[in-house]
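Spelled out from the first residue to the last, the chains are:
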2 protein chains.
Amino acid sequence: MKSLFMKSIFVLLLFVSTAFAADPLPSWNDTAPKKAIVAFVEEVTKPGSPSFVPVEERIATFDNDGTLWTEQPVAFQGYFIFDRIKALASQHPEWISKEPFASILKGDLNSALASGINALPEMIIATQSGITSDEFEKIVTDWITTARHPLTKRLYTEMVYQPMLELLTYLRANGFKTYIVSGGSIDFMRPWSEKIYGVPPEQVVGSSIKTKFELRNNIPVLVGMPELDLMTAGNGKPIGIQLHIGRRPIASFGNSDNDLPMMQWTAAGSGARFCLYVHHTDAQREWAYDRKSIDPFDKGLDEALAKGWTIASMKDDWKIIYASDPQRGK
Amino acid sequence: MKSLFMKSIFVLLLFVSTAFAADPLPSWNDTAPKKAIVAFVEEVTKPGSPSFVPVEERIATFDNDGTLWTEQPVAFQGYFIFDRIKALASQHPEWISKEPFASILKGDLNSALASGINALPEMIIATQSGITSDEFEKIVTDWITTARHPLTKRLYTEMVYQPMLELLTYLRANGFKTYIVSGGSIDFMRPWSEKIYGVPPEQVVGSSIKTKFELRNNIPVLVGMPELDLMTAGNGKPIGIQLHIGRRPIASFGNSDNDLPMMQWTAAGSGARFCLYVHHTDAQREWAYDRKSIDPFDKGLDEALAKGWTIASMKDDWKIIYASDPQRGK
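Residues numbered from 1 in each chain as written. Chains lettered and ligands numbered in written order. Predicted model: local features only at pLDDT ≥ 70, side-chain atom pairs only at ≥ 80, totals over all residues.

Visitor: How should I be thinking about the overall build of chain A in this particular structure?
Guide: Along chain A, the regular secondary structure elements total 13 helices and seven strands. Per-residue burial for chain A yields a buried fraction of 44% across its 330 residues. In chain A, the proportion of contacts linking residues at least 24 apart, taken out of those at least 6 apart, comes to 64%. (Helix = DSSP H or I, 4+ residues; strand = E, 2+ residues; numbered from the N terminus. Buried ≥ 20, exposed ≤ 12 C-beta atoms within 10 Å, placed from the backbone. Contact = placed C-beta atoms within 7 Å.)

Put into structure tokens, the structure is as follows:
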């Protein structure tokens, strides 16, 4: 009871400090996307507003790769999988002559990725099945705190977008529950999503493999099985949202065609809705790509333009990209 | 922001009113189970306590049928399914000669249930597949607000246990997130769990069928498929907990062998843990059953006794069963 009291005091202090803060989104330029975000939040949170939305229905869903952190030259879980496959190779002599494993072991990532997203399930199964949930959590935690991006040499968690961190905080300060809805593996994101994004494990939606429950020497364990459960990319995103959340989001944030079904599902609800696409336009500070890329933003771009969804250009609308960028004086 | 401010004021008022309230569990007798509950909550919430648990890890999971509401003479979703099958019979002439449908249509529920839990997946698929998520939500909402229990003639939602409602509220007031983890269909529980139990849809874990996403005349819909996804009974409970929550509960509440794997998974975590079984001992006010019944409490009872888990006897430990009971003066 006492801790709840302290929490209430904290929320009150937060209210006071936020109310006097000049700008909840300091890394966003004062351009159209920022104005659209603030207008939407004020519209749905103002009591008496015709578009008012009760706190419990303020659900916001965020894609991860390319929306909350970089996804170039490949989605970061790819590097994790490559490292795991190298670590496990001695137990799998058959991988030397079996793709995509053979190319990964030779360090030829382009060939390994030649079969594209189709190779992903096999790679996820190879790295997650046969081990317990506790073991996998430790493997991910060790990797995410030490592995570095091959080009920038930064920790992967230093490549999260500062403007999106501010957006997550701003939405939560206005009563939103923020969810990640990613095609990446749910078990890969949960060990660090709370620390990095402030999104707790129970608000992470991602692709999953089947698991089994068993007692090992009377100790209960959950063990990964070599079978996909649900892939939450593309059409799998609204399916994952319904399964894990059971409410339709009122705001969604993405960066590619993979997010389009989530945007359509969000936009089709009644009342005020907000969809925002992050557009990768900054070849100097990040990467520039859209219609034809490893994560195509083609149909999504057309539909966003046709429907008047918000498009945030990283080059024009973001003051900084990463909190760790030198221009921020760190 | 203003609503968050109001919410904080509300939480403060709640704190003040609760702090002065004599008893957060007035429908529980002052016997061992109530004392064990209060001791556990004080132990994990008191700052500086060696068993202190941070708010974000205070996860409590509750079985539904037989734990939060009655499950006799059959689990209530059974009545919903029977009613749906009758309503859909004209579209399925083949059901007249196919079990369990034939028996249901003849009103012979005992024969329909003769094949036990094995017939459940087929019945869930028959009543949920081929319709959209929005359509099914409306069907459930209409049913739950009008259908009545065949013996008590009450609304099913009037047969929820008052002591357990108080327990849910007490845990939430102490920073717990309360989840339902039921073998029943997730889509059957979500439309009313928030109103009846204060448990929002995103905190309901249950059995699911596969769904597909499609655009119908440019309107996105999620449609149930005739294929089971996950059954969250028995060993499926910890599997569902990991999939939907991604954290291990520190407290679990159940009433049968179906809940035993959830209890084992909960109890095996490090730090303070709490497991409570509701024991159906009150043939006069509710039903009395355990080891051999439609929801056997046999291995679970042995393990609870061996491990010293808390067992709440409905006859001895609960002052009232339902809020709607006459002895409560209604």
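Visitor: Whenever I open this one, the sheet that holds strand S7 (residues 310-313) of chain B confuses me. Can you help?
Guide: Two orientations exist for strands paired in a sheet by backbone hydrogen bonds: parallel and antiparallel. Residues and elements named next belong to chain B. If you trace the seven strands from one edge of the open sheet to the other, you get S4-S3-S2-S1-S5-S6-S7, paired in mixed fashion. One side of each edge strand has no neighbouring strand; the edge strands of this open sheet are strand S4 (219-230) and S7. Across the sheet, the axes of successive neighbouring strands diverge by a mean angle of 30°, strand direction being ignored. With four bridges joining them, strand S5 (residues 251-254) and strand S6 (residues 274-279) adopt parallel strand pairing. Of the residues in S6, the one forming a bridge with Gly254 is Tyr277. (Pairing = 2+ DSSP bridges. Axes fitted to C-alpha atoms, helices over the stretch in contact; angles between N-to-C directions.)

Visitor: Whenever I open this one, the packing of helix H7 (residues 133-144) of chain A against helix H9 (residues 186-197) of chain A confuses me. Can you help?
Guide: All names here are of chain A. Direction vectors running N to C along H7 and H9 enclose 65°, while the axes themselves pass 9 Å from each other. Between H7 and H9 lies a crossing of right-handed hand. Counting all contacts with H7, which are made through Phe136, Glu137, Val140, Thr141 and Ile144, the residues of H9 involved are Asp187, Phe188, Pro191 and Trp192. In terms of residue class, the contact of H7 with H9 is built from six nonpolar, one polar and two charged. (Left-handed = near helix turned anticlockwise from the far one by under 90°. Nonpolar A, V, L, I, M, F, W, Y, C, P; charged D, E, K, R; others polar.)

Visitor: Would you mind going over helix H6 (residues 120-128) of chain B with me for this structure?
Guide: In an α-helix there are 3.6 residues to a turn, and that puts residues three or four apart on one side. All names here are of chain B. Of all the positions in H6, only Leu120, Met123, Ile124, Thr127 and Gln128 are classed as buried. Along the axis of H6, the buried positions cluster into a sector of 115°, meaning they face one direction only. Of the surrounding secondary structure, the elements contacted by the buried residues of H6 are helix H3 (76-88), helix H7 (133-144), strand S2 (177-185), helix H9 (186-197), strand S3 (204-216) and S4. Gly130 lies just past H6 and shows a positive phi near 85°. (Arc of directions from axis to C-beta.)

Visitor: Sorry, what's going on with the nonpolar core here?
Guide: The nonpolar side chains of soluble globular proteins are, as a tendency, buried together. In this structure, Tyr179(B) and Ile180(B) are the most contacted members of the largest nonpolar core, which totals 67 residues. Setting aside its immediate chain neighbours within four residues, Ile180(B) contacts Phe62(B), Asn64(B), Met189(B), Ser193(B), Tyr197(B), Val199(B), Gln203(B), Val204(B) and Val205(B). Core analysis: the second largest hydrophobic core is formed by 66 residues, Trp69(A), Phe76(A), Val204(A) and Phe253(A) among them. (Core = buried A, V, L, I, M, F, W, Y, C linked by C-beta atoms within 7 Å.)

Visitor: What should I look at first to understand the sheet that holds strand S3 (residues 204-216) of chain A in this one?
Guide: Residue and element names in this part refer to chain A. Judged by pairing direction, the sheet is mixed, and its seven strands sit side by side in the order S4-S3-S2-S1-S5-S6-S7 without closing on themselves. The sheet is open, and its two borders are formed by strand S4 (219-230) and strand S7 (310-313), each paired with just one other strand. Each neighbouring strand pair of the sheet contributes to a mean axis angle of 30°, computed without reference to strand direction. Along the sheet face, helix H6 (residues 120-128) touches strand S2 (177-185), S3 and S4 and points at about 35° away from the line of S3. The strands touched by helix H11 (residues 260-267) are strand S1 (59-62), S2, strand S5 (251-254) and strand S6 (274-279); relative to S5, the strand with the most contacts, the crossing angle is about 165°.

Visitor: I'm lost on the domain arrangement of chain A in this one. Help?
Guide: Often, the extent of an interface is quoted as the loss of accessible area upon association of its parts. Residue and element names in this part refer to chain A. Annotation of chain A at the domain level lists domain 1 (23-72 + 159-328) and domain 2 (76-144). Distance from the C-alpha centre of domain 1 to the C-alpha centre of domain 2: 26 Å. If you look at the interface, domain 1 gives 16 residues, while domain 2 gives 17 residues. Sorting the residues of the side of domain 1 that touches domain 2 by element identifies S2, H9, S3 and S4 as the ones contributing at least two each. If one sorts the elements of the side of domain 1 that touches domain 2 by residue count, S4 sits on top with seven residues. (Domains from an automatic or database assignment.)

Visitor: In this structure, what is going on with the pairing of S6(A)? I would like to understand it.
Guide: Residues and elements named next belong to chain A. Most of S6 sits out of view: six of its six residues are buried. By the alternation rule, side chains of S6 split into Phe274, Leu276 and Val278 and Cys275, Tyr277 and His279, which are all buried. Crossover S5 to S6 through H11 is right-handed. Relative to S7, S6 is paired through four bridges, and the arrangement is parallel. Note that in S7 the partner of Leu276 across the bridge is Thr310. Handedness of the S6-helix H12 (residues 299-307)-S7 crossover: right-handed. (Right-handed = clockwise from strand over helix to strand, strands pointing away.)

Visitor: Sorry if this is basic, but what is going on with the confidence of the model for chain A here?
Guide: Atom-level detail of predicted coordinates should not be read off regions where pLDDT is low. With 92% of its residues at a pLDDT of 70 or more, chain A shows a mean pLDDT of 92. Across the interfaces of the predicted complex, the ipTM metric reaches 0.91, alongside a pTM of 0.92. (pLDDT = per-residue confidence, 0-100.)

Visitor: Sorry if this is basic, but what is going on with the environment of Pro220(B) here?
Guide: Within the fold, Pro220(B) resides in strand S4. Residue Pro220(B) is classed as buried on the basis of its C-beta count, with 21 C-beta atoms lying within 10 Å. Sequence separation of Pro220(B) and Pro296(B) is 76 residues, and the distance between their C-alpha atoms is 42 Å. With sequence-adjacent residues up to four places away left out, Pro220(B) is seen in contact with Pro238(A), Pro261(A), Gln264(A), Trp265(A), Ala268(A), Phe213(B) and Leu215(B).

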